[in-house]
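Geometric and topological summary
If you want the building blocks of each chain, they are given just below.
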Amino acid sequence: KAKEAGKNNCQFYTKGMNATAVNYLLLENDLRRAIEQQQLTLYYQPQVDLKTGEMTGVEALVRWQHPERGIVSPAHFIPLAEETGLIVPIGEWVLREACRQQKLWLDAGKYIGKIAVNLSPRQFRQKNFPGKVEAILAEIGLAAKYLELEITESCAMEHAGETINQLNQLNQMGMYLAIDDFGTGYSSLAYLQRFPVQKLKIDRSFIHDIHDDANYAAIAKSIIGLAHNMQMRVIAEGVENEGQAEWLRTHGCDQAQGFFYAKPMTAKQLEGHFRNGRFYFDGTVVRLENHL
Ligand code: C2E
Ligand code: MG
Ligand code: MG
Ligand code: MG
């Protein structure tokens, strides 16, 4: 009944517009205010060296704490932000906040490795984007080598010529560059080879059934080989169990990220894993839950 009433309401306001679209508009209004009202936060998910189990860095993942709806997933609001252009201020906030946190950790002698930040296409395509990154680093006093930037494979390939330009400028500043969700887009290997990137991230859709599904295993092996032949590191995302981790280690994948090691967590929670001058998940591949 409530559902029907809701439906009627929507039809009253805007003919032909469904509840989802109205919902989206309401969300857009709220998103405009999310930054100034300090509703955005960053979570950090560790990346782990598959051989030593040691942490090599973290990926910063944005969270929106909506006053009524609770946590809204970035999978939901990032596309909205991208459509409306709000991604530009939001992305800039994320970048500045990640750099600020990294600088705090470094100043406290806590070396967590590189901090990886996701870029969305509209943000990355801004003509002055490399300049903006440079300004943020200068403002915060952070060296570029502590920062890693991720663009998705589909974003990278969409205007590959432009991508090369942007990536070259960022690379010259000393940043680490990664191609995210690799395997889901349509890569031109000719372009991939011209991108000055240091890392491929195998999309988690290939990792899930890696030890049962020969096709996924074949794809993952190819990506590992491709990365290494192009002098890049390779990381698997979405690693959820020991079987997947073992398979990846056996097949020469360098790093892993996923719930098996650690869920994305707040800066404070992450600091709970700091010992003897470094962050550890007990030296080898160990579930985070065992240490909480
Ligand atoms: P992504 O960059 O591929 O990030 C990895 C996503 O996989 C994260 O979802 C993470 O929580 C999730 N994940 C990590 N380990 C596991 C696992 O073992 N199993 C499963 N099933 N999932 C796992 P999240 O945080 O919801 O982010 C979703 C996407 O939203 C990200 O995908 C990224 O594309 C985008 N995103 C997040 N933060 C930002 C941001 O600050 N800027 C931009 N432009 N995009 C962002
Ligand atoms: Mg990412
Ligand atoms: Mg990814
Ligand atoms: Mg992904």
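My aim in this report is to walk through the structure given alongside it, one point at a time.

Reading guide: rules and limits
- Residues numbered from 1 in each chain as written.
- Chains lettered and ligands numbered in written order.
- Predicted model: local features only at pLDDT ≥ 70, side-chain atom pairs only at ≥ 80, totals over all residues.
- Heavy atoms only, no water.
- Donors = N, O, S within 2.8 Å, 3.2 Å for Na, K, Ca; no water.
- Helix = DSSP H or I, 4+ residues; strand = E, 2+ residues; numbered from the N terminus.
- Buried < 20%, exposed > 50% of the residue type's maximum accessible area, 1.4 Å probe, protein only.
- Phe/Tyr/Trp six-rings, centres within 6.5 Å; stacked < 30°, edge-to-face > 60°.
- Lys NZ or Arg CZ within 6 Å of the ring centre and 35° of its normal.
- Core = buried A, V, L, I, M, F, W, Y, C linked by side-chain atoms within 4.5 Å.
- Contact = heavy atoms within 4.5 Å.
- Polar contact = N/O pair within 3.5 Å; in protein donor to acceptor, adjacent residues only side chain to side chain.
- Right-handed = clockwise from strand over helix to strand, strands pointing away.
- Pairing = 2+ DSSP bridges.

**Re the coordination of the magnesium ion (ligand 4)**
All of the protein donors around the magnesium ion (ligand 4) are Asp181 (OD) and Glu237 (OE); their distances to the metal are 2.3 to 2.5 Å. Between the magnesium ion (ligand 4) and the magnesium ion (ligand 3), a spacing of 3.0 Å is present, and a bridge between the two is formed by aspartate 181. One end of the pair, aspartate 181, is in strand β6 (residues 176–182); the other, glutamate 237, is in strand β8 (residues 233–237), with 56 residues separating them in the sequence.

**Comments concerning the coordination of the magnesium ion (ligand 2)**
Protein coordination at the magnesium ion (ligand 2): the donors are Glu59 (OE), Asn118 (OD1), Glu150 (OE) and Asp180 (OD), at 2.0 to 2.2 Å from the metal. If you list the donors of the magnesium ion (ligand 2) from N- to C-terminus, the spacing comes out as E-x58-N-x31-E-x29-D. A gap of 3.7 Å separates the magnesium ion (ligand 2) and the magnesium ion (ligand 3), which aspartate 180 links by coordinating each metal. Note that asparagine 118 is positioned in strand β4 (residues 114–118) and glutamate 150 in strand β5 (residues 147–152), a separation of 32 residues in sequence. Residue asparagine 118 is classed as partly exposed on the basis of its relative accessible area, which comes to 28%. Under the relative-accessibility criterion, glutamate 150 is labelled buried at 0%.

**Some words on the packing of aromatic side chains**
Within this structure, the stated rule accounts for six aromatic pairs. Considering the side-chain rings of tyrosine 111 and tyrosine 146, the 6.3 Å spacing of their centres and the 70° angle between planes classify their relative orientation as edge-to-face. Separated by 35 residues along the polypeptide, tyrosine 111 in the loop between α4 (87–107) and β4 and tyrosine 146 in the loop between α6 (129–140) and β5 bring together distant segments of the chain. With 5.0 Å between their ring centres and 75° between their planes, phenylalanine 260 and tyrosine 261 make a pair best called edge-to-face. Given a relative accessible area of 4%, phenylalanine 260 falls into the buried group. Accessibility expressed as a relative area gives 2% for tyrosine 261, which makes it buried. Looking at arginine 63, its charged tip hangs above the ring of tyrosine 43, at a distance of 5.5 Å from the centre.

**Quick word on the nonpolar core**
Judged by nonpolar contacts, the single largest core of 82 residues is most densely connected at Leu147, Leu149 and Phe195. If one sorts the elements of this core by residue count, α4 sits on top with eight residues.

**Notes on the environment of proline 79**
Of note, proline 79 is situated in helix α3 (residues 74–84). Of the residues examined, proline 79 reaches a relative accessible area of 36% and is grouped as partly exposed. Between the alpha carbons of proline 79 and serine 120 there is a distance of 9.0 Å; along the sequence they are 41 residues apart. The residues contacting proline 79, other than those within four sequence positions of it, are Tyr24 and Pro74.

**Observations regarding the side chain of glutamine 244**
With respect to the helices, strands and loops of the structure, glutamine 244 is situated in helix α11 (residues 242–250). On the basis of relative accessible area, glutamine 244 is assigned to the buried category, the value being 1%. Reaching out from glutamine 244, the side chain makes a polar contact with the backbone oxygen of isoleucine 207 at a distance of 3.5 Å. Of the polar contacts made by the side chain of glutamine 244, one reaches the backbone nitrogen of glutamate 240; its length is 2.6 Å. Other than its neighbours up to four places away in sequence, glutamine 244 contacts Ile207, His208, Ile210, His211, Gly238 and Val239.

**Some points on the pairing of β8**
Among the five residues in β8, four count as buried, and that is most of the element. With respect to chirality, the unit in which strand β7 (residues 199–202) leads through helix α10 (residues 214–229) into the neighbouring parallel β8 is right-handed. Pairing of β8 with strand β9 (residues 255–257) involves three bridges; the strand directions are parallel. Paired with glutamate 237 across the strands is glutamine 257, a residue of β9. Assessed by its sense of winding, the connection that carries the chain from β8 through α11 to β9 is right-handed.

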